[in-house]
Amino acid sequence: ITKSIKKSLLLTLLILTATTHVVFSRLVLRAVLVPFFIILCANFFMLFINTKKLKYLYVYAIFLGIGVYSYYSFLIVVPLGCFFTLLLYLKKKIKLNHLVTTVLITFIISTPMLNFWRDSDNRTEYFRRGDEVSIFNPVWSHNSEKWIISKMVQNAWDIGNKLVINSYTDERNN
């Protein structure tokens, strides 16, 4: 993104020493891969725009397709990437066959993941984390305070019952 090697090395050093990046990469979280693929795609897209060499457009399409395997949030990037490629076609920067080739490369590379999603168990497991943190989850709805309080009361009730039962069985055993 920048032509200065010193700036690039400084930014790389900052990323490598960022606490969150170190922790997430050591935990092997797939979410760490998303920024890598986004930057990689943006880099090759910008290289194509600056040099007009089609190989960069096709490498961009390859990494756009591979990025689907990284984390579910990358699914937002793929339609955006195809939209930006469409904009290039509409601005007459590329021909129709290059647009079709780019979209086909992305689609063909990501097809095994689409096949993986056909099975409902795989789809559920793949999107499970997103369902837990989604704003559309009922836990995070406008009734969330009531739900949390009811869960706290239920847990306190369960713990109280266990304590009473345990103390009663201890008294009978003595």
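Structural notes, computed from the coordinates. These numbers were taken from a predicted model, which means no experiment stands behind them.

To continue, consider the nonpolar core. The biggest cluster of nonpolar side chains holds 21 residues, and the ones touching the most others in it are Phe-48, Tyr-60, Leu-64, Phe-74 and Ile-94. Within the residue set of this core, elements represented by two or more residues are helix H3 (33–51), helix H4 (54–66), helix H5 (77–90) and helix H6 (96–118). By residue number, the principal contributor to this core is H3, which donates seven residues. Once residues within four sequence positions are removed from consideration, Leu-64 is found in contact with Cys-41, Phe-74, Val-77, Val-78, Gly-81, Cys-82 and Thr-106.

Turning our attention to the packing of aromatic side chains. Per the stated rule, a full pass over the model turns up seven aromatic pairs. Between the aromatic rings of Phe-45 and Tyr-60, the centroid separation amounts to 4.9 Å while the plane-to-plane angle is 50 degrees, which identifies the pairing as tilted. One end of the pair, Phe-45, is in helix H3; the other, Tyr-60, is in helix H4, with 15 residues separating them in the sequence. An identical accessibility class is assigned to Phe-45 and Tyr-60; each is buried. Where Phe-83 meets Phe-84, the ring centres are 6.1 Å apart and the plane angle is 55 degrees; that geometry is what we call tilted. On the basis of relative accessible area, Phe-83 is assigned to the partly exposed category, the value being 42%.

Let's shift gears to unusual backbone geometry. Backbone phi values are negative for most residues with the exception of glycine, while trans is the configuration of most peptide bonds. Phi angles above zero are rare outside glycine, and Lys-52 is one such case at about 60 degrees. Assignment of secondary structure puts Lys-52 in the loop between H3 and H4. In the Ramachandran plot, Lys-92 falls in the positive-phi region, its phi being about 65 degrees despite a non-glycine side chain. Structurally, Lys-92 can be placed in the loop between H5 and H6.

In this structure, Tyr-58 sits in helix H4. For the pair formed by Tyr-58 and Thr-102, sequence separation is 44 residues and the distance between their alpha carbons is 5.9 Å. Non-local contacts of Tyr-58, meaning those with residues more than four positions away in its chain, are made with His-98, Thr-101, Thr-102 and Ile-105.

What counts, and at which threshold
Residues numbered from 1 in each chain as written. Predicted model: local features only at pLDDT ≥ 70, side-chain atom pairs only at ≥ 80, totals over all residues. Heavy atoms only, no water. Core = buried A, V, L, I, M, F, W, Y, C linked by side-chain atoms within 4.5 Å. Buried < 20%, exposed > 50% of the residue type's maximum accessible area, 1.4 Å probe, protein only. Helix = DSSP H or I, 4+ residues; strand = E, 2+ residues; numbered from the N terminus. Contact = heavy atoms within 4.5 Å. Phe/Tyr/Trp six-rings, centres within 6.5 Å; stacked < 30°, edge-to-face > 60°.

As far as function goes, none of this settles anything; it's purely spatial.
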